[in-house]
Amino acid sequence: MKNGGPKYRWCQAGKNHIWLRQDWTVQLCCTLYGDTRDHQIQLQDPKHLFRVLAKEWPNKYSELKRGPLPDNKCRICIEEESNQKIIGQEHGTSQRIKLNTLTKNGEKFFLKIDFSNKCNLKCTMCSSKRSTGWIKDEQKMNKALQGDGRLELPISTHETLGSEWFKQIPIEWFENLGAVEISGGEPLYQEDALEFIEFLSIEVPDIYMRIITNTTLVDDKILTILKRFTYLRILCSVDAWENDCYKYVRGGVYELPQIKENIIKLGEVASGKVSVT
């Protein structure tokens, strides 16, 4: 305790973590209650990222030093932790606790990043925001619905963060990373994302690395890169465990037996720390 206040910040959101999206918006990666648009900042230039991290972002969320955001925004975390206490677990797995853990209570930084919406699949439940495979179909649908007024889809173009931004950051900043989570699109289908993953595997292999992937593009090169990480967690997005259902959901390009083989390979390099959804 210092000066009668809490030793640690109530939540590291807005200070030592950020979610960077492929459209160059930054936002909280929280399970906030209600409309979350007020918790996004659009960067006009990639060079503004660290100015936002150093000044605007901490100022915007300074109240999280002492407690939750107003207007009941943090209700989901609070209720989850309360329910866990009732059943005998002190905190459970609320997003607040996860963020505090991943940042070691503010000693390190957690970067969640969507490099691009580029994807090699066209899954039935997806859209152009997460897969470039849907762009042409959504354009056709909007054209067909033009003037209808009942439905018009917001269409994302191919968006990517590129690679130049992280090449300009001093290596000391990356050495302060406690954890990185990379998703997409499909990160293993994106050259810029693979370049970033390889960069981290060489420069800061001891960070906690978490990758969300559809597991279709696992090869020896990717496995060699992933082997370098000391703490690696892979989330395999599969969505079906029978081949006919899998092919329907995923667009019929890949067969499930090959995906299962890829999951086994990933499990070997990640020391078994693989989850399947």
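Scope of this entry: the structure provided in the associated data block. (Residues numbered from 1 in each chain as written. Predicted model: local features only at pLDDT ≥ 70, side-chain atom pairs only at ≥ 80, totals over all residues. Heavy atoms only, no water.)

The next point concerns the packing of aromatic side chains. Scanning the entire structure with this criterion turns up 13 aromatic pairs. Between Phe115 and Trp165, the ring centres sit 6.1 Å apart and the planes meet at 45 degrees, which makes this aromatic pair tilted. Of this pair, Phe115 sits in the loop between β4 (109-114) and α4 (135-145) while Trp165 sits in helix α5 (residues 164-167), and the two are 50 residues apart along the sequence. Here the two residues Phe115 and Trp165 agree in accessibility, since each one is buried. A network of ring pairs unites the aromatic residues Trp24, Phe50, Phe109, Phe115, Trp165, Phe166, Trp173, Phe174, Phe196 and Phe199 as a single cluster. Above the face of the Trp241 ring, Lys260 is positioned so that its terminal group lies 4.6 Å from the ring centre. (Phe/Tyr/Trp six-rings, centres within 6.5 Å; stacked < 30°, edge-to-face > 60°. Helix = DSSP H or I, 4+ residues; strand = E, 2+ residues; numbered from the N terminus. Buried < 20%, exposed > 50% of the residue type's maximum accessible area, 1.4 Å probe, protein only. Lys NZ or Arg CZ within 6 Å of the ring centre and 35° of its normal.)

Bringing the nonpolar core into the picture now. Formed by 63 residues in total, the largest nonpolar core has its most connected members in Ile113, Trp165, Phe196, Leu200 and Leu226. With five residues, the single largest contributor to this core is helix α10 (residues 256-269). When sequence neighbours within four positions are dropped, the list of residues in contact with Leu226 reads Ile197, Ile211, Leu232, Ile234, Leu266 and Val269. (Core = buried A, V, L, I, M, F, W, Y, C linked by side-chain atoms within 4.5 Å. Contact = heavy atoms within 4.5 Å.)

Take the pattern of salt bridges next. Evaluation of the coordinates by the stated rule reveals 14 salt bridges. Between Arg21 and Asp114 there is a salt bridge, and its shortest N-O distance comes to 2.7 Å. Pair noted here: Arg21 is in the loop between β1 (17-20) and β2 (25-27) and Asp114 is in strand β4, with a separation of 93 residues, a long-range link. When its relative accessible area of 0% is taken as the criterion, Asp114 is described as buried. For Lys167, the salt bridge is made with Glu164, and the minimal N-O distance between the two is 3.8 Å. (Salt bridge = Lys/Arg side-chain N within 4 Å of Asp/Glu carboxyl O.)

Further remarks concern the state of the cysteines. Overall, the coordinates contain zero disulfides when judged by the stated rule. In this structure Cys119 is not part of a disulfide, and its nearest cysteine sulfur, from Cys123, lies 6.2 Å away. Of all cysteine sulfurs in the structure, the one in Cys123 sits closest to Cys126, which takes part in no disulfide; the separation is 6.2 Å. Given a relative accessible area of 28%, Cys126 falls into the partly exposed group. (Disulfide = S-S within 2.5 Å.)

On to the sheet that holds strand β6 (residues 208-213). Sheet architecture is open: eight strands sit in the order β3-β2-β1-β4-β5-β6-β7-β8, paired in mixed fashion. Strand pairing shows two members of the sheet lacking a second neighbour, β3 (40-42) and β8 (274-276), which therefore form its edges. Mean inter-strand twist for the sheet, computed between neighbouring axes without regard to direction, equals 15 degrees. Of the pairings in the sheet, the one linking β1 to β2 comprises two bridges and is antiparallel in character. Residue pairing across strands places Leu20 opposite Val26, the latter belonging to β2. (Pairing = 2+ DSSP bridges. Axes fitted to C-alpha atoms, helices over the stretch in contact; angles between N-to-C directions.)

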